[in-house]
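Secondary and tertiary structure notes
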Amino acid sequence: MKAAPAYPVISVRNLSKSYPLRSWWGGKADVFRAVEDVSFEIRPGETLGLVGESGSGKSTIGRAVTMLNPPTSGTIAFEGIDLARLSPQALCRTRARIQTVFQDPYAALNPRMSAGAYVAEAFRLHRPDMARSERREAVASLFARVGLDPHFLGRYPHQFSGGQRQRICIARAIALKPSFIVADEPIAALDVSIQAQVVNLLQDLQDDLGLSYLFISHDLRMVRYLCHRVAVLWRGRIVELAESDRLYEDPRHPYTRRLLAAVPLPDPAAERARLAARETTNPAPGRPGDLVEVGPGHWVAADPLPEETDR
Amino acid sequence: MTGSTTRPPLLDVSDLAVSFDTEGGAVHAVNGVSYTLAEGETLGIVGESGSGKSVHVLAMLGLIPRPPGRVTRGKVWFGGRDLLALPERDLRRVRGGEIGFVFQDPMSSLNPGMSVAAQIVEPLRIHLGLDQRAARARARDLLDLVRIPNTKGRLDQYPHEFSGGQRQRVMIAIGLACRPKLLIADEATTALDVTVQAEIVALVQELRREIGMAIIWITHDLGVVAGISDTVQVMYAGRILERGPVDALFRDPRNAYTLGLLRSLPDLSRGRAGRKRLQQIDGAPPDMRTPPPGDPFAPRNAYATPRCRAEMPPLSQAPGAAPGHLVAAWYDLPALLTREAAQQGHTP
C-alpha cells in the first residue's frame, strides 16, 4: 500500500437529505430525514466502505455525492471544488471523473445497444472530438482491461452472464479516467462464484489507476477485505467510522457490534458457537449523537439524542 | 440426526429431472437429483442461480408452471406416496399441511389485501378443519411462537403494516401453522438485513427444537448453512456435486466447486495487511439449454480430467471420507491438493 496523499478526492461536509412527507388531506407538512449531517472524506487510492441496514441511507449518500440526487444541505467537494457552485456545463465535465457502478448491471445497460456501443457512448458524449477509429481502439482496450474478450463488442446485454454485464458497466465507468467511483452494491446481484472475480477486478483497477471508491455494501466480509476505512450508518447518521481492521476488531457503537455479530461464519463449529452466543444488545432508540474521536481516526457516535420527530 | 435408522426416510427424492420449454430450446434445470431426508434432519442446500436448488423443490410441491415446465422423470416419496403422481387435490392437502414452506420475498408471498389473521387462519381451517374461533386462537399462538410482540393487536393488521423481518416471521408462522413434518425455506433470509437474518435463523433453530420438524434450507450463503445444517448438499447446473455431514463437507471438501466456493470467501478474521488476493472461480455457470456433456463444472475446473469433460461422474461415497460424504468427481481432490502443496513446498 502506498501512503495516501493528504488531500481528499471527495470531501463531504454536513450532508443532509430529506424528503417532504405530506398527508393526503393536506395536513401538517413533515419531512423524512433520509440522511442527516453526514461528513467524511476519501483520499486518493482509498476505499471507504459504507455499511448499514436497508433504509439507513447508504444509497442516498451514494447518489448525493455524485449529484445524481443533490443533497438538501451540506457541501460536496470533489478534488477541492464545491460541486454545488459549478455551472451545469462545468458540472457535466466534472462528473465524467465521478462514476457509479450499480447493483443490477442488467438494469443499467441498454438492451438495444451493443456492449461496445454502450461503452463508446461515454466517449461520444464527453469526447466528441475523438475519431471513430480511435474510439473503437479505446473501447477494445477497455474490454481487455476488464477481462472481456474484445470479440464480444457487438454482442447485446442478454448475451452476457451477470458477471460479464457488471464488467461492461465497469468498463464504461473507467472509460473517462475517473478518479472516484461510487460502487453501490456492485456484487449483490451476482452469483457467489462470480463475486470474487468482480472484487478482484475492482482491486486491480484501484492498484493500477489509483482510483478511490465509495463501496456501499451489506456484505460485511467483502467490506473488511476491500476497504481501508469503514463508516457504519444507522438511521441516516454515521455512528462509527474507523480503519477497517480497527472497526472489525474493536467495534464500539452498539449498532456496529450488533451488525458484526450477525455475520454468519462459513465454519460449522465457529458458526454454531456464534449462534449459541448471539449478542442481542440493541442500540438505544432515538437519534444517534455526534461523533467523538475515541482513538486515532476512530469516531463513534455519542449517546442518542432525544428524538425530535418520529422517524 | 443422519445416523443409521431402519425407519424409512421422511422424504426420498429419486432421479428427479425438470426442464422448461423455451423458444431457444429446452432448459434442463434439474438433471437427475436423488437424496433422502430423515425425520427431524436439517438439510442445507447450497447453489447459485441456475443450480436447480429452487426449481427441484417447486417441482416436488407441484408448483412449477406447466407449461413451460415439465417434470421429465423421477419420484418424490413423502409419507408413503409419490408426490409427483398425486392429483392436484391431494397435493394441495400436503402443501401447507405436512409440508410448510417459506420463500424469499414475503411481500409477494403474502396477500396484501388480506389481514395477517385471515392468512394464518386459512390453512388452519382447510388443513386442520378448525372452526373460526379455534383457528384464531391458534393464529395468535403462532404469532407468539414466531416472537411478534403485541400479538392481539397485530392479528388484524395487513402485511404492509409489518417490517420486512416481521413479514418473514408471519410467513414462517403460516409455514408452521399445521405443524408440518417438513419445512422448506427457499432463500428465506436473502432479502433481509444481516441483523434480521440472524434473528430469523435463531428463531428457526429454536422452533426446530420445540417442534422437531425436518428442514430443507436453500441458500447461496455458506455461512448460514454451516450453523444450522446436519447435512449439506452442493448443487450446480441441476445436479448434486457433493453432499455430506456438515463438518465433514466444510473440513474436507471433495468437489472442486465446493472447494472453490469456500476459498473465494474472504477471511473475516484476517486484517487488511495480511490479506491475499481472493481465489476466484473463473468463467460462468453453463447455459442450461446446452449443458456440457460431462461434469458441468469441468469447463471452470483447473483439476478437470478428459473424462470429466466427457462423462458425468455418479454421486457416490468419497473414498476415505466420513460415512455419507458423497461426491460426484472423477478426480481425487485431496490427492491433488497434497501434490499441489508439495510442489509449492509447504503443507496446506
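Note that the structure is predicted; figures quoted are calculated from it, not measured.

Now for the packing of aromatic side chains. Two aromatic rings are characterised by how far apart their centres lie and by the angle between their planes. Summed over all chains, the structure comprises six aromatic pairs over all chains. Summarising the aromatic geometry, the rings of Phe101(B) and Phe103(B) are spaced 5.2 Å apart at their centres and angled 40 degrees between planes, so their arrangement reads as tilted. Within the aromatic cluster, the residues linked to one another by ring pairs are Tyr236(B), Tyr257(B) and Phe297(B). The residue whose ring lies beneath Arg155(A) is Phe152(A), and the NZ or CZ to ring-centre distance is 4.1 Å. Over the ring of Tyr118(A) we find Arg172(A), and its NZ or CZ is 4.8 Å from the ring centre.

Right, let's get into the nonpolar core. Residues and elements named next belong to chain A. Val119, Phe123, Ile168, Ile170, Leu220 and Tyr248 are the most contacted members of the largest nonpolar core, which totals 65 residues. The residue makeup of this core includes at least three contributed by each of domain 1 (10-97 + 180-301) and domain 2 (108-175). If near-sequence neighbours (up to four positions away) are discounted, phenylalanine 123 is found in contact with Pro128, Met130, Arg135, Ala138, Val139, Leu142, Ala175 and Leu176.

Here we take up the layout of surface pockets. Counted as a void, the largest pocket has a volume near 1400 Å³. Contributing to the lining of the largest pocket are 44 residues, with Leu262(B), Leu265(B), Pro266(B), Asp267(B) and Arg270(B) lying nearest its centre. Elements with a minimum of two residues in the lining of the largest pocket: helix 8 (220-226), helix 10 (254-261) and helix 11 (268-276) of chain A together with helix 10 (246-251), helix 11 (256-264) and helix 13 (333-344) of chain B. Counting residues per element, the lining of the largest pocket draws most heavily on helix 13 of chain B, which supplies six residues. When its residues are assigned to classes, the lining of the largest pocket shows 21 nonpolar, seven polar and 16 charged. In this structure, the second largest pocket encloses a volume near 1200 Å³. Around the second largest pocket, the lining comprises 47 residues; the ones closest to its centre are Ala188(A), Gln195(A), His218(A), Thr190(B) and His220(B).

The next thing to look at is the domain arrangement of chain A. By a frequent convention, interface size equals the accessible area lost on bringing the separate parts together. Residue and element names in this part refer to chain A. In terms of domain boundaries, chain A breaks down into domain 1 (10-97 + 180-301) and domain 2 (108-175). A separation of 28 Å is found between the C-alpha centroids of domain 1 and domain 2. Contact with domain 1, which involves 14 residues of that partner, is made by ten residues of domain 2. Between domain 1 and domain 2, the buried area comes to about 1000 Å², and carbon and sulfur atoms account for 71% of it. Our count for the contact surface shared by domain 1 and domain 2 stands at one salt bridge. Measuring nitrogen to oxygen at the nearest pair gives 2.5 Å for the salt bridge that ties aspartate 208 to arginine 145. Inspection of the domain 1/domain 2 interface yields three residue pairs in polar contact (both at pLDDT 80 or more). Here the side of domain 1 that touches domain 2 gets eight residues from one element, more than from any other, and that element is helix 7 (residues 192-209). The class makeup of the residues in the side of domain 1 that touches domain 2 is eleven nonpolar, one polar and two charged.

The rules behind the values
- Residues numbered from 1 in each chain as written.
- Chains lettered and ligands numbered in written order.
- Predicted model: local features only at pLDDT ≥ 70, side-chain atom pairs only at ≥ 80, totals over all residues.
- Heavy atoms only, no water.
- Phe/Tyr/Trp six-rings, centres within 6.5 Å; stacked < 30°, edge-to-face > 60°.
- Lys NZ or Arg CZ within 6 Å of the ring centre and 35° of its normal.
- Core = buried A, V, L, I, M, F, W, Y, C linked by side-chain atoms within 4.5 Å.
- Buried < 20%, exposed > 50% of the residue type's maximum accessible area, 1.4 Å probe, protein only.
- Domains from an automatic or database assignment.
- Contact = heavy atoms within 4.5 Å.
- 1 Å grid on protein atoms, 1.4 Å probe; cavity = no way out; pocket = protein on both sides within 12 Å on 5 of 7 lines; lining within 4 Å.
- Points joined across faces, edges and corners; volume = space filled by probe spheres on them.
- Helix = DSSP H or I, 4+ residues; strand = E, 2+ residues; numbered from the N terminus.
- Nonpolar A, V, L, I, M, F, W, Y, C, P; charged D, E, K, R; others polar.
- Buried area = accessible area lost by both parts, 1.4 Å probe.
- Salt bridge = Lys/Arg side-chain N within 4 Å of Asp/Glu carboxyl O.
- Polar contact = N/O pair within 3.5 Å; in protein donor to acceptor, adjacent residues only side chain to side chain.

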